[in-house]
Amino acid sequence: DTGVSQNPRHKITKRGQNVTFRCDPISEHNRLYWYRQTLGQGPEFLTYFQNEAQLEKSRLLSDRFSAERPKGSFSTLEIQRTEQGDSAMYLCASSPPANTDTQYFGPGTRLTVL
Amino acid sequence: GESVGLHLPTLSVQEGDNSIINCAYSNSASDYFIWYKQESGKGPQFIIDIRSNMDKRQGQRVTVLLNKTVKHLSLQIAATQPGDSAVYFCAERMDSSYKLIFGSGTRLLVRP
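Residues numbered from 1 in each chain as written. Chains lettered and ligands numbered in written order. Predicted model: local features only at pLDDT ≥ 70, side-chain atom pairs only at ≥ 80, totals over all residues. Heavy atoms only, no water.

Undergrad: Describe unusual backbone geometry, with residues and values.
TA: The omega torsion of the bond from Asn7(A) to Pro8(A) falls at -10 degrees, within 30 degrees of zero and hence cis. Tracing the backbone shows Pro8(A) in the loop between strand E1 (5–7) and strand E2 (10–13). Here the phi dihedral of Arg81(A) falls at roughly 50 degrees; this positive angle occurs in a residue that is not glycine. Mapping Arg81(A) onto the fold places it in the loop between strand E8 (75–79) and strand E9 (88–95). Relative accessible area serves as the criterion here: at 44%, Arg81(A) is assigned to the partly exposed category. The backbone phi angle of Ala79(B) is positive, close to 50 degrees, even though this residue is not glycine. Relative to the elements of secondary structure, Ala79(B) occurs in the loop between strand E7 (72–77) and strand E8 (86–93). On the basis of relative accessibility, which here comes to 37%, the residue Ala79(B) falls in the partly exposed class. (Helix = DSSP H or I, 4+ residues; strand = E, 2+ residues; numbered from the N terminus. Buried < 20%, exposed > 50% of the residue type's maximum accessible area, 1.4 Å probe, protein only.)

Shown next, in the form of structure tokens:
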């Protein structure tokens, strides 16, 4: 499978715990994006990386959220001290250098905070 | 499986008919528009896109129309098939940002 991959696919955690999600973009895609989607809504932008540089962040990304892409390949999204309102689908997308318009999404990580 | 959208507008069409899904976008300065299809439990899947200097673009069985005067985008699916059943989202972006802004989705149900 050469698409965007995300792990884990599902995560159940208790309120107050920290969680970390991983995204592996399509090979040679230098741009990587994180979005959050709640039931019945379209995805909402969280943050964007070009190579290892984080170039754009949403105000949705509170100080409990941190994203990294240390080597310009895979990325991690960490949520500290999770709250029930963090329950959502976390989606990762990537774009190639030759076509920066189209974002290709992964299957997402479904987070449930109890 | 989980549901992508519980209270979305729904378009029900007969298999073989053409479908038209509409979207009103918010920013007259947007430069780029894209349609995604999302099935339950899956991430959004790219269908077709269009830049603001065009008013129509065709793909395989799909056509996107852009009317910048009234900030309206539509997705036409020809000869709709059961596999087209999903939630469809439009999204917009300005060239000054890589952030896609998604509209509210539309659920397409294809009756056999």
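Undergrad: Tell me what's going on with the interface of chain A and chain B, and back it up with residues and numbers.
TA: Listed per partner, the contact involves 24 residues of chain A and 25 residues of chain B. Overall, the association of chain A and chain B removes approximately 1900 Å² of surface from exposure, summing both partners, and the carbon and sulfur fraction of that is 52%. Where chain A touches chain B, the interface holds two salt bridges. Of the charged contacts, one joins Asp101(A) and Arg51(B) as a salt bridge, the two residues approaching to 2.9 Å between their closest N and O atoms. In this assembly, chain A and chain B are joined by 11 residue pairs in polar contact (both at pLDDT 80 or more). Going through the elements one at a time, strand E4 (31–37), strand E5 (44–50), E9 and strand E10 (104–105) of chain A are the ones with two or more residues in the side of chain A that touches chain B. Here the element with the most residues in the side of chain A that touches chain B is E4(A); it accounts for four residues. For the side of chain A that touches chain B, the per-class residue count stands at 11 nonpolar, eight polar and five charged. (Contact = heavy atoms within 4.5 Å. Buried area = accessible area lost by both parts, 1.4 Å probe. Salt bridge = Lys/Arg side-chain N within 4 Å of Asp/Glu carboxyl O. Polar contact = N/O pair within 3.5 Å; in protein donor to acceptor, adjacent residues only side chain to side chain. Nonpolar A, V, L, I, M, F, W, Y, C, P; charged D, E, K, R; others polar.)

Undergrad: Before we move on, could you go through the state of the cysteines and cite the residues and values that matter?
TA: Residues and elements named next belong to chain A. By the definition in use, this model includes two disulfides over all chains. The partner cysteine of Cys 23 in its disulfide is Cys 92, sulfur to sulfur 1.9 Å. Torsion about the S-S bond of the Cys 23 and Cys 92 cystine: about -70 degrees, corresponding to left-handed handedness. Of this pair, Cys 23 sits in strand E3 (residues 19–24) while Cys 92 sits in strand E9, and the two are 69 residues apart along the sequence. Neither Cys 23 nor Cys 92 differs from the other in exposure class; each is buried. (Disulfide = S-S within 2.5 Å.)

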